[in-house]
Amino acid sequence: YFCRHGERWELQLKGSGKTPYSRNGDGRAVLRSSVREFLCSEAMHYLGIPTSRAASLVVSDDDVWRDQFYNGNIKKERGAIVLRLAKSWFRIGSLEILTHSGELDLLRRLLDFIIQEHFPAIAMNDSNRYLEFFSTVVSETANLIALWMSVGFAHGVCNTDNFSLLSITIDYGPFGFMDSYDPNFVPNTSDDERRYKIGNQASVGLFNLSKLLQALKPLLDPRQKQLASQILEGYGEHYYSRFTELFKTKLGLLGENENDNFLIAFFLKVSLLC
């Protein structure tokens, strides 16, 4: 933990070698992707988008072998290590894996810890605290993806293990920014099915939140499960409202007009044709 002005940050090394979570990988990172993460996370921060940040980058003496374009052409590259920071590195997958393995006591203890540490507006003695937690994550995830779309950012790998429970941008991998509007833009050369194309990000966010709800269900009573499903149904409205607000600001539209949404859609279509 790193404390500054009363804040607490979690430190994480990317590229330092194998850990219990490396699976079959070597736990290393190459210099090119490390520089990209450093620059992009700082850029996202100054664009006002919730994100992890990079504190330092150190070039490694280790050689790393990578197939950059997933075409079988493996090359030796220079390694690097990034020290990155976030208020928390807990992800939807952090809860999902515990429910899947039946570790419900650990799930409850971890969830209580996350709420106590990172969701101070939720009272720990509130019997609906998990419901309140879920509601917050739903609305903040909608806000985050709307922000991504407002700057043309495509994450590249939007699975549940890359979605923060604090709704910040984490795990910069094959990300990219659109040069011109294209809802089919895919920054990940290995995503042959275009699952994570930029136009799918809002839908993938909904999918991931539905997985979070499944992870939470063993801790919810029947009434809370019903309310949680209703909260999830409101995700689309949250996203669309925030998306519209951001694009109205970009276009300098003031007040409310029934033609605002038509105008936004028109400009996006014109951009696509150009």
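Residues numbered from 1 in each chain as written. Predicted model: local features only at pLDDT ≥ 70, side-chain atom pairs only at ≥ 80, totals over all residues. Heavy atoms only, no water.

## Comments concerning the pattern of salt bridges
Note the cut-off: Salt bridge criterion: a side-chain nitrogen from Lys or Arg within 4 Å of a carboxyl oxygen from Asp or Glu. Only DSSP runs of H or I with at least four residues qualify as helices, and only runs of E with at least two residues qualify as strands; both kinds are numbered from the N terminus onward. We call a residue buried when its accessible area falls under 20% of the maximum for its residue type, exposed when it is over 50%, and partly exposed in between, using a 1.4 Å probe and counting protein chains only.
In total, this model carries 16 salt bridges according to the counting rule given. R84 serves as the salt-bridge partner of D171, at 3.4 Å between the closest nitrogen and oxygen. Of this pair, D171 sits in the loop between β5 (153–154) and β6 (176–177) while R84 is found in strand β4 (residues 75–86), placing the two residues 87 residues apart along the sequence. We note a salt bridge from D171 to R91, for which the minimum N-O separation is 2.3 Å. With D171 in the loop between β5 and β6 and R91 in the loop between β4 and α2 (92–100), this pair connects stretches of sequence that are 80 residues apart. Each of the two residues, D171 as well as R91, counts as buried. What you see here is one network of salt bridges that share partners, running through K14, E37, R84, R91 and D171.

## Some thoughts on the side chain of N128
What counts, and what does not: Pairing of N or O atoms within 3.5 Å defines a polar contact, subject to two protein rules: one partner must be a possible hydrogen donor and the other a possible acceptor, and residues neighboring in sequence count only if both atoms are side-chain atoms. Contact definition: two residues touch when any of their heavy atoms are within 4.5 Å.
Considering the arrangement of structural elements, one finds N128 in the loop between α3 (104–118) and α4 (129–150). A polar side-chain atom of N128 sits 2.9 Å from a polar atom in the side chain of R223. For N128, the contacting residues outside a window of four places in its chain are R223 and Q224.

## Some details on the domain arrangement of the protein
Quoted interface sizes are often the accessible area lost when the parts come together. The condition that has to hold: For each domain, the first and last residues come from an automatic or database assignment. Take the accessible area each of two parts loses on contact, using a 1.4 Å probe, and add the two losses: that sum is the buried area.
Under the domain assignment used here, the protein contains domain 1 (10–86) and domain 2 (92–250). Centre-to-centre separation of domain 1 and domain 2, based on C-alpha positions: 23 Å. Counting residues at the interface gives 18 residues for domain 1 and 17 residues for domain 2. For the pair domain 1 and domain 2, the two sides together bury roughly 1,400 Å², of which 64% comes from carbon and sulfur.

## Points about α3
Inclusion rule: Given a helix with a known number of residues, its expected span is that number minus one, times 1.5 Å.
Its 15 residues place the ends of α3 21 Å apart at the C-alpha level, agreeing with the 21 Å of an ideal helix rising 1.5 Å per residue. For α3, the complete set of buried residues consists of L107, L110, L111, D112, I114 and I115. In this structure, the buried residues of α3 make contact with α2, α4 and α5 (201–216).

## A few points about the nonpolar core
For clarity, the cut-off: In this text, buried Ala, Val, Leu, Ile, Met, Phe, Trp, Tyr and Cys residues form a nonpolar core when linked through side-chain atoms within 4.5 Å.
Formed by 55 residues in total, the largest nonpolar core has its most connected members in L95, F133, W148 and L212. The biggest single contributor to this core is α4, with 13 residues. Each of domain 1 (10–86) and domain 2 (92–250) contributes no fewer than three residues to this core. With near-sequence residues (within four places) excluded, L95 lies in contact with L107, L110, L111, I114, F133, L165, L212, A215 and L216.

## Observations concerning the packing of aromatic side chains
As a reminder, the rule being used: Only centres within 6.5 Å qualify two rings of Phe, Tyr or Trp (six-membered ring in Trp) as a pair; their planes then separate them into stacked at under 30 degrees, edge-to-face at over 60, and tilted for everything else.
Overall, the coordinates contain 12 aromatic pairs when judged by the stated rule. On the numbers, 6.1 Å between centres and 85° between planes, the contact of W148 with F163 is edge-to-face. Taken as a pair, W148 in helix α4 and F163 in the loop between β5 and β6 lie far apart in primary sequence, 15 residues in all. When its relative accessible area of 1% is taken as the criterion, W148 is described as buried.

## Observations concerning helix α6 (residues 222–233)
Heads up, the rule is: The directions considered for the arc are those from the helix axis to the C-beta atoms.
For α6, spanning 12 residues, the distance from its first C-alpha to its last is 17 Å, which sits close to the expected 16 Å at 1.5 Å a residue. Looking only at α6, the buried set comprises Q224, A228 and L232. Buried residues of α6, seen end-on, are gathered within an arc of 80° and therefore sit on one face of the element. Residues of α6 that are exposed and angled more than 90 degrees away from the buried face: P222, Q226 and E233. Summarising the contacts, the buried residues of α6 are in contact with α4, α5 and α7 (235–251).

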